[in-house]
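Fold and contact review
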Amino acid sequence: MKTFDYRTADRSSAGLAPEAMFLAGGTNLVDLMKLGVATPDVLVDVTKLPLDGITERPDGGVRIGATVRNSDLAADPRIRRGFPVLSQALLAGASGQLRNMATTGGNLLQRTRCRYFMDATKPCNKHAPGTGCPAREGDHRNLAILGGSEACVATHPSDMAVALAALGAVVRVDGAAGERTVPVTDLHRLPGDTPQRDTVLEHGEMITAVDLPALPFATRSAYRKARDRASYAFAVGSVAAALDVDDGVVREVRLAFGAVAPKPWRATVAEEVLRGRPATEESFRAAADAELEAARPLRDNAYKIDLIRNLTAAVLTRLAGEAR
Amino acid sequence: MRLTVNDVEHDLDLDPRTTLLDALREHLDLTGAKKGCDHGQCGACTVLLDGRRVNSCLVLVIAQQDARVTTIEGLGTAEEPHPLQRGFLDHDGFQCGYCTPGQICSAAGMLDEVERGWPSAVTAGDDPDLLSDPEIRERMSGNLCRCGAYPNMVPAIRQAAGR
Ligand SMILES: Cc1cc2nc3c(=O)[nH]c(=O)nc-3n(C[C@H](O)[C@H](O)[C@H](O)COP(=O)(O)OP(=O)(O)OC[C@H]3O[C@@H](n4cnc5c(N)ncnc54)[C@H](O)[C@@H]3O)c2cc1C
Ligand code: SF4
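A short tour of the structure in this document, coming up. On a predicted model such as this, the values are computed, not experimentally measured, just so you know. (Residues numbered from 1 in each chain as written. Chains lettered and ligands numbered in written order. Predicted model: local features only at pLDDT ≥ 70, side-chain atom pairs only at ≥ 80, totals over all residues. Heavy atoms only, no water.)

1. Section: the site of ligand 2
Taken together, 14 residues surround ligand 2, and among them Cys114, Cys124, Cys133, Cys152 and Val153 of chain A come closest. Partitioning the shell around ligand 2 into residue classes produces 12 nonpolar, 1 polar and 1 charged. (Near = heavy atom within 4 Å. Nonpolar A, V, L, I, M, F, W, Y, C, P; charged D, E, K, R; others polar.)

Next comes the structure, spelled out in structure tokens:
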């Protein structure tokens, strides 16, 4: 590991030296530093800032501080009751030990698990721009079917982010230019020909919180994750959904897919198809197919199309059953 | 920097790159926590940090000023084993023993999480049994065992929990 200076973050000290990086739980960053993929000169620790609160908002929403640990968020009674999809997504990720360290901000900004990205000795347009993308011809079984480019087909690995995308969460950011908000669904960029930039954040911009807007029907929401082991493995495909059914008809629905794109994939096409349609498995499958029409699978990951269709149908059918 | 390990206070002057695991093993001579994968994937390095279980291989010790750490050495002794150590002995919860300190520290943290009513990925319903066999397996999934001694760890943990 390259050596670095360490300091604690100061909320007002917007602006970060060019080679400095924020440190939160460290579960992704320290790993990437050991691997030589991340090489910061300075680590600026955000965990001593007073950003670890979960507070109710006047509008019925919830504000989640950037340094709230994933385990505390998953166990929070307001989240379990009002936004179960988020608690379930968190608990489906990583392990008890990792969730005790991992934070809201760090989870959103964790990097792809593409094996070439994580190997500093391999070419990869994300960690070494212009060196090419070995995943296209090589191991891409768990990479993107949606939103990828010629230059990069990485997937964003977070489970939490998929639930946040479905819930329409908004990220609060603090930087040299002041505070701003970014919808979670706009936080991560599609790679295009600049895959080295994962998000729309400027260097030095700090995530301070994530706001969940009020969404009363999210009490009926769920997360379902498919993976290669029963537990403690990244998703190969996942679905987050919230469903509002009235008299057997879909009144409102929120749907997002995980592990299929460079970002948590809000399935707006499917949502549009479903509004006003009967809440049946047939509708759910048709809606998933409408969204997946845009899919461009590679040699070894076309299975994700069937997987996502089936997960969507299973989750929404279950939620529709609970509504009865 | 200052760190309290198993109730003993230490003043440390370390390279900023030092992980908590390396500080314990290389500088404080506490070799109970093991280096398995060194990437947070196996759980052999699990210790309690301010009472919560963590992978010490991913914790930079420089970020833990004034923290309290408990390692397997601080949980119990050969003469007075911790109930989890007793349980692992009584139920043969290990073979080679390499992952065992991590398993036991993880189980200690896990039982505390259950005490606080934290759910897991398999928790369902309003009044669930948070220490059923599927719950114990899910909650302990961050600790791998190369020998596959898992089946006996479940009753070992259940015994320690007084069940
Ligand atoms: C073995 C293993 C298995 C895992 N399995 C899963 C899984 O199944 N599902 C899943 O979703 N995740 C999984 N994870 C990933 C884990 O969830 C992430 O590593 C974790 O959420 C990152 O959070 P952190 O606080 O530790 O971030 P850090 O590692 O501290 O930081 C990550 C990135 O975010 C930046 N950052 C952190 N906080 C801020 C902030 N406030 N503002 C701006 N930038 C910030 C850092 O600079 C860094 O670039 C796994 C990890 C491991 C090691
Ligand atoms: S998919 Fe992206 S991250 Fe993976 S090798 Fe290609 S460029 Fe790198």
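From this point, the discussion proceeds with the structure in view.
2. Focus on the interface of chain B and chain A
Taken together, the contact between chain B and chain A spans 33 residues of the former and 34 residues of the latter. When chain B packs against chain A, the two sides together hide about 2700 Å² of surface, and 55% of this comes from carbon and sulfur. Our count for the chain B to chain A interface comes out at 2 salt bridges. The partner of Asp38 of chain B in a salt bridge is Lys34 of chain A, and the shortest N-O contact between them spans 2.9 Å. Linking chain B with chain A are 17 residue pairs in polar contact (both at pLDDT 80 or more). Going through the elements one at a time, strand S4 (52-55) and helix H4 (100-115) of chain B are the ones with two or more residues in the side of chain B that touches chain A. If one sorts the elements of the side of chain B that touches chain A by residue count, S4 of chain B sits on top with 4 residues. (Contact = heavy atoms within 4.5 Å. Buried area = accessible area lost by both parts, 1.4 Å probe. Salt bridge = Lys/Arg side-chain N within 4 Å of Asp/Glu carboxyl O. Polar contact = N/O pair within 3.5 Å; in protein donor to acceptor, adjacent residues only side chain to side chain. Helix = DSSP H or I, 4+ residues; strand = E, 2+ residues; numbered from the N terminus.)

3. Observations regarding the side chain of Thr67 of chain A
Residues and elements named next belong to chain A. Note on placement: Thr67 falls in the loop between strand S5 (62-65) and helix H2 (70-75). Exposure remark for Thr67: the relative accessible area of 5% places this residue in the buried category. Setting aside its immediate chain neighbours within four residues, Thr67 contacts Val46, Thr47, Leu49, Leu51, Asp52 and Thr103. (Buried < 20%, exposed > 50% of the residue type's maximum accessible area, 1.4 Å probe, protein only.)

4. Overview of the site of ligand 1
Residue and element names in this part refer to chain A. Around ligand 1 there are 34 residues in total, and Phe22, Gly26, Thr27, Thr103 and Asp159 lie nearest to it. For ligand 1, an oxygen atom lies 2.7 Å from a polar atom in the side chain of Thr103. Protein contacts shield 95% of the accessible area of ligand 1, which totals 980 Å² for the unbound molecule. Broken down by secondary-structure element, the contributors of at least two residues to the shell around ligand 1 are strand S2 (20-23), helix H6 (104-108) and strand S8 (206-212). Mapping the shell around ligand 1 onto the domain boundaries places at least three of its residues in each of domain 1 (5-45) and domain 2 (219-323). (Areas by Shrake-Rupley, 256 points an atom, 1.4 Å probe, with all protein chains shown as cover. Domains from an automatic or database assignment.)

5. Things to note about the sheet that holds strand S6 (residues 170-175) of chain A
Residue and element names in this part refer to chain A. Strand order in the open sheet formed by 5 strands is S4-S5-S8-S6-S7, and the pairing between neighbours is antiparallel. Across the chains shown, the open sheet's two edge strands, defined by having one partner strand only, are strand S4 (54-56) and strand S7 (178-183). Taken over all neighbouring pairs, the strand axes of this sheet differ in orientation by 25 degrees on average, direction set aside. As defined by bridge partners, S6 adjoins S7 across 6 bridges and the pair is classed as antiparallel. The residue of S7 that forms the bridge with Asp174 is Glu179. (Pairing = 2+ DSSP bridges. Axes fitted to C-alpha atoms, helices over the stretch in contact; angles between N-to-C directions.)

6. Re the pattern of salt bridges
Tallied over the entire structure, the rule returns 41 salt bridges over all chains. Among the ionic pairs, Glu9 of chain B bridges to Arg2 of chain B, the shortest N-O distance being 3.9 Å. Assessed through its relative accessible area of 54%, Glu9 of chain B is described here as exposed. Shared partners join several salt bridges into a network, and the residues in it are Glu252, Arg266, Glu271, Glu272 and Arg275 of chain A.

7. Side note on helix H6 (residues 150-160) of chain B
Listed in full, the buried residues belonging to H6 of chain B are Met153, Val154, Ala156 and Ile157 of chain B. On its buried face, H6 of chain B sits against helix H3 (83-90), H4 and helix H5 (133-139) of chain B.

8. Remarks on the pairing of strand S10 (residues 235-246) of chain A
All names here are of chain A. Within S10, 11 of the 12 residues are buried, which leaves the element mostly enclosed by the surrounding structure. Relative to strand S11 (residues 249-258), S10 runs antiparallel, the two sharing 9 bridges. Along S11, the bridge assignment pairs Asp246 with Val249. With antiparallel pairing between neighbouring strands as the criterion, S10 and S11 make up a hairpin whose turn holds 2 residues, including Asp247 at a positive phi of roughly 55 degrees.

Note that all results are geometric; they support no functional claim without further evidence.
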